[in-house]
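The lines below spell out each chain.
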Amino acid sequence: MTDIAIIGGGPAGLAAALYAVRGGASVRLLEELFAGGQIVKTHCIENYPGISTGPDGYALAAMFEEHARQFGAEPEYSGVASLSLTDEKKEITLISGETFEAKAVILCMGASPRALGISGEREFTSKGISYCATCDGAFYRGRTATVIGGGDTAISDALYLSKLCKQVYVVHRRDELRASAVLANAAKKTENITFVWNSTPEAFLGEDKLRAIQLKNTKTGELSELETDGAFVAVGIVPRTELVRDQVALAPDGSILTNERMETNIKGVFAAGDIRNTPLRQVVTACADGAVAATYAIEAIRI
Ligand code: NAP
């Protein structure tokens, strides 16, 4: 039986794998797509201590993966179909049909971008609407792009797009950004970034592709149209708990509740990174969560 199954190969999962194998556990690290999770969508990570060059997310993810491999943690690129967590032996079934057992499981499935859920959003996704500026920004080179949201993702997306696009609008529902000061100040100083304050998107408009966003002023209720070639939705994240939400205890926002050892309500089941209920979602906190989870998972299986 595998000692520890780690589900998800983002920073939390890769750090957990590194700590688990260094701690002498046998590990299966399962990642459905590519290592790195959400950071591969980030064009510059300048706040990971010790790496002041500000690598892009792919580069940092590759370093994490290589580091985990050096100690013998080999990621398996395999989707997980189901998890049975409540018994002492945890059962993991892969999309390939293979089932295996583990003594402990660390849930590191991360989070996905939240949709706005408004008219035209589905219709124009990939036809003008994107949830990843780093992936799709180049399509709007020399054109107009609009970012929706006022958090770290929105503002770092706006800064990235400002280098490619003629004009970038940031539509935010308040008149104060949630993003960290360093990003907010940089965006406010960038000439081709214009803030559209106190506004929420009501609908995405167009014919065969996006043409404009209908906006509502949150103070006056007034409706207007903002012409744009691209719209980048950055209104937060949704923890990816679909495999476990009937088994582990969740917070009201859908994230997994843990204690400071990253233990969930189920013995032998841990959660780490963006999927868990945490006050700060950064690469450094995801890595720290992974390290803590692996340490106590090892302790749990040895007791
Ligand atoms: P976030 O911090 O939750 O921000 C979401 C933004 O979208 C907020 O400004 C929010 O407005 C707005 N919003 C939410 N629902 C909306 C709606 N229905 N209509 C219009 N606007 C809406 O999400 P995030 O920016 O994706 O960041 C997620 C986590 O990752 C955070 O912990 C963040 O710090 C971290 N992160 C860090 C970095 C970095 O450090 N460089 C980069 C990316 C992400 P309000 O402000 O009014 O609530």
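Look above for the structure.
Let me sum up the structure you'll find in this document.

### Some points on the site of the ligand
The immediate surroundings of the ligand are formed by 16 residues, with Asp152, Thr153, Arg173, Arg174 and Arg178 found nearest. Between the ligand and Thr153, the relevant distance is 2.7 Å, taken from an oxygen atom to a side-chain nitrogen or oxygen of the residue. Contact with the protein chains hides 77% of the accessible area of the ligand, taken as 910 Å² for the molecule alone.

### Things to note about the pairing of strand β12 (residues 199-206)
Bridge analysis of β12 against strand β13 (residues 210-217) gives 7 bridges, and the strand direction is antiparallel. The residue bridging Thr200 from the neighbouring strand is Lys216, located in β13. Counting the residues that bridge the hairpin from β12 to β13 gives 3 residues.

### Notes on the packing of aromatic side chains
Inspection of the entire model under this criterion finds 3 aromatic pairs. Geometrically, the ring pair formed by Tyr48 and Phe64 is edge-to-face, given 5.5 Å between the ring centres and 65 degrees between the ring planes. Of this pair, Tyr48 sits in the loop between β2 (27-31) and α2 (57-70) while Phe64 is found in helix α2, placing the two residues 16 residues apart along the sequence. Given a relative accessible area of 19%, Tyr48 falls into the buried group. The exposure class of Phe64 is buried, given its relative accessible area of 14%. Directly above the ring of Phe100 sits Arg28, whose terminal nitrogen or CZ lies 4.1 Å from the centroid.

The rules behind each value
Residues numbered from 1 in each chain as written. Predicted model: local features only at pLDDT ≥ 70, side-chain atom pairs only at ≥ 80, totals over all residues. Heavy atoms only, no water. Near = heavy atom within 4 Å. Polar contact = N/O pair within 3.5 Å; in protein donor to acceptor, adjacent residues only side chain to side chain. Areas by Shrake-Rupley, 256 points an atom, 1.4 Å probe, with all protein chains shown as cover. Pairing = 2+ DSSP bridges. Helix = DSSP H or I, 4+ residues; strand = E, 2+ residues; numbered from the N terminus. Phe/Tyr/Trp six-rings, centres within 6.5 Å; stacked < 30°, edge-to-face > 60°. Buried < 20%, exposed > 50% of the residue type's maximum accessible area, 1.4 Å probe, protein only. Lys NZ or Arg CZ within 6 Å of the ring centre and 35° of its normal.

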